[in-house]
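Structural overview
Listed below are the residues making up each chain.
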Amino acid sequence: MTATLPTSDPGTRRRPPRTSAVRVRRRGTDAPNRPVTVILVVASLAVLVPLYVTVAMALKSPSQAAQGNAFAPPWPIDLHNFASAWRLTHFPTSFAISVAVSAGTVLGTLVLSSLAAYAIARNWDRRLFRWSFFYLLGAMFLPFPVVALPQIKLTALLSIDNPVGVTLLHIVFQLSFSVLLYSAYLRSVPAELEESARMDGASTGQIFWRIIMPLLGPMNATVGIFAFLASWNDYMLPSLITADPGLQTLPVVQSIFQSKFGTNYNIAFASYLMAMAPTVVVYLFSQRWVISGVTQGAVKQ
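Here goes a summary of the coordinates provided.

Rules behind the numbers
Residues numbered from 1 in each chain as written. Predicted model: local features only at pLDDT ≥ 70, side-chain atom pairs only at ≥ 80, totals over all residues. Heavy atoms only, no water. Helix = DSSP H or I, 4+ residues; strand = E, 2+ residues; numbered from the N terminus. Buried < 20%, exposed > 50% of the residue type's maximum accessible area, 1.4 Å probe, protein only. Contact = heavy atoms within 4.5 Å. Areas by Shrake-Rupley, 256 points an atom, 1.4 Å probe, with all protein chains shown as cover. Phe/Tyr/Trp six-rings, centres within 6.5 Å; stacked < 30°, edge-to-face > 60°. Lys NZ or Arg CZ within 6 Å of the ring centre and 35° of its normal. Expected span 1.5 Å × (residues − 1). Bend = angle between axes of the 7 residues up to and from the residue. Polar contact = N/O pair within 3.5 Å; in protein donor to acceptor, adjacent residues only side chain to side chain. Axes fitted to C-alpha atoms, helices over the stretch in contact; angles between N-to-C directions. Parallel < 35°, antiparallel > 145°, perpendicular 65-115°, else oblique. Left-handed = near helix turned anticlockwise from the far one by under 90°. Nonpolar A, V, L, I, M, F, W, Y, C, P; charged D, E, K, R; others polar. Patch = residues over 30% accessible without salt bridge, like charges linked within 9 Å, V, L, I, M, F, W, Y side chains within 5 Å. Salt bridge = Lys/Arg side-chain N within 4 Å of Asp/Glu carboxyl O.

Let's shift gears to the overall build of the chain. Helices and strands together make up the secondary structure of the chain, namely 14 helices and 0 strands. In the chain, buried positions account for 34% of the 301 residues. Across the chain, the fraction of contacts at a sequence separation of at least 24, relative to all contacts at a separation of at least 6, is 72%. Accessible surface computed for the chain: about 19200 Å², of which carbon and sulfur atoms make up 67%.

Time to look at the packing of aromatic side chains. Scanning the entire structure with this criterion turns up 13 aromatic pairs. Between the aromatic rings of F91 and F95, the centroid separation amounts to 5.4 Å while the plane-to-plane angle is 20°, which identifies the pairing as stacked. You can see F91 and its partner F95 sitting in helix α5 (residues 91-122), 4 residues apart, about one turn around the helix. Since its relative accessible area comes to 6%, F91 is described here as buried. Of the residues examined, F95 reaches a relative accessible area of 29% and is grouped as partly exposed. Every member of this aromatic cluster is reached through a ring pair, and the members are W86, F91, F95, F228 and W232. The ring of W124 carries the charged tip of R187 above its face, separated from the ring centre by 5.8 Å.

This part covers helix α8 (residues 163-186). For α8, built from 24 residues, the straight-helix expectation of 34 Å at 1.5 Å per residue is met to within 8% by its first-to-last C-alpha distance of 32 Å. Within α8, the axis deviates most sharply at L175, by approximately 45°. The element α8 is extensively covered by neighbouring structure, given that 17 of its 24 residues are classed as buried. Capping of α8 at its N-terminal end is provided by N162; its side-chain oxygen lies 3.0 Å from the backbone amide nitrogen of V164.

On to the side chain of S102, then. Looking at the element boundaries, S102 is found in helix α5. Looking at S102, the relative accessible area reads 1%, which means it is buried. Polar side-chain contacts of S102 include one of 2.9 Å to the backbone oxygen of S98. Leave out the neighbours within four places in its chain, and S102 touches F228, S231 and W232.

Within the fold, A116 resides in helix α5. Accessibility expressed as a relative area gives 26% for A116, which makes it partly exposed. Taking the C-alpha atoms as reference points, A116 and F133, separated by 17 residues in sequence, lie 8.9 Å from one another.

This part is about the packing of helix α6 (residues 127-139) against α8. Running from N to C, α6 and α8 cross one another at 130°; their axes reach a closest spacing of 8 Å. By the criterion of interaxial angle, the relationship of α6 to α8 is oblique. Read as a crossing pair, α6 and α8 show a hand that is left-handed. For the pair α6 and α8, contact is made by F133, L136, L137 and A139 and by S176, V179, L180 and S183, respectively. Each residue belonging to the contact of α6 with α8 can be placed in one class, and the counts come to 6 nonpolar, 2 polar and no charged.

Moving on to the packing of helix α9 (residues 192-199) against helix α10 (residues 204-215). One way to put it is that α9 packs onto α10 with a least axis distance of 10 Å and a crossing angle of 145°. The interaxial crossing formed by α9 with α10 has right-handed handedness. For the pair α9 and α10, contact is made by L193, E194, A197 and R198 and by T204, I207, I211, I212 and L215, respectively. A breakdown of the residues in the contact of α9 with α10 according to their chemical character gives 6 nonpolar, 1 polar and 2 charged.

On the surface, V41, L45, V49, Y52 and F71 cluster together to form a nonpolar patch covering roughly 450 Å² of accessible area. By secondary structure assignment, the location of V41 is in helix α2 (residues 34-58).

Positionally, S44 belongs in helix α2. Among the polar contacts made by the side chain of S44, one reaches the main-chain carbonyl oxygen of L40 at a distance of 2.8 Å.

Written as structure tokens, this is what we have:
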């Protein structure tokens, strides 16, 4: 005689209520993170409030600017400030010089940094390439005032104390950070792609330009934006290197204008807004590539 264990009907089993679990889960995922929200709001205001003051002061008349209320909305709007700033700061010349210096910096940084990072990432087991990477990282911790005087003398001896010398130095100073970003990104690129291309007879140069370089699209955008912003907003290097005042970039011209016409706040803010507009436009159109390029390679695949 065999004993059978009593079994209960599956339909009569007591099941935990799903609504409470779902409700708790929804509350956990939908609940806002208040400290992070407060930090983001404060950070946004730290950017938006100065931007509003700049736009408002640039659109005010001299009498409105003399009242001293920077937060008051501009009415009636005065657009003559931009024409005066355009004429007094010689904006077309300084703008063209800044564009040329920034474009040369971006192009040189993309080419040299990607080549150096590719060589280091694919030859990491060799001591020379590994120590070259550490050398470039060490250059990031070198303050600019330490090397300022040697750079000034060197550019004067080579007769490149002009925007050409400024462009070359911008490229050199961007190498460390750019190589770091490229190296982290190249670790996520599988080496099997290069091995298959090499088996088909492709050289190292063909592999880099036809396979690796197209894959570096997000990182190229990231490095290009950082190089552009650093070159466009740089004041110290052009002011020390460029000997001819007529060949100065926009930040230096803005400083000269501010020292000469310090009381014309509306014209000064109009010139600041014109100089700031290209960087804002470029970043707004390329911010998604910047974020994707920074996060790519951060997680090991």
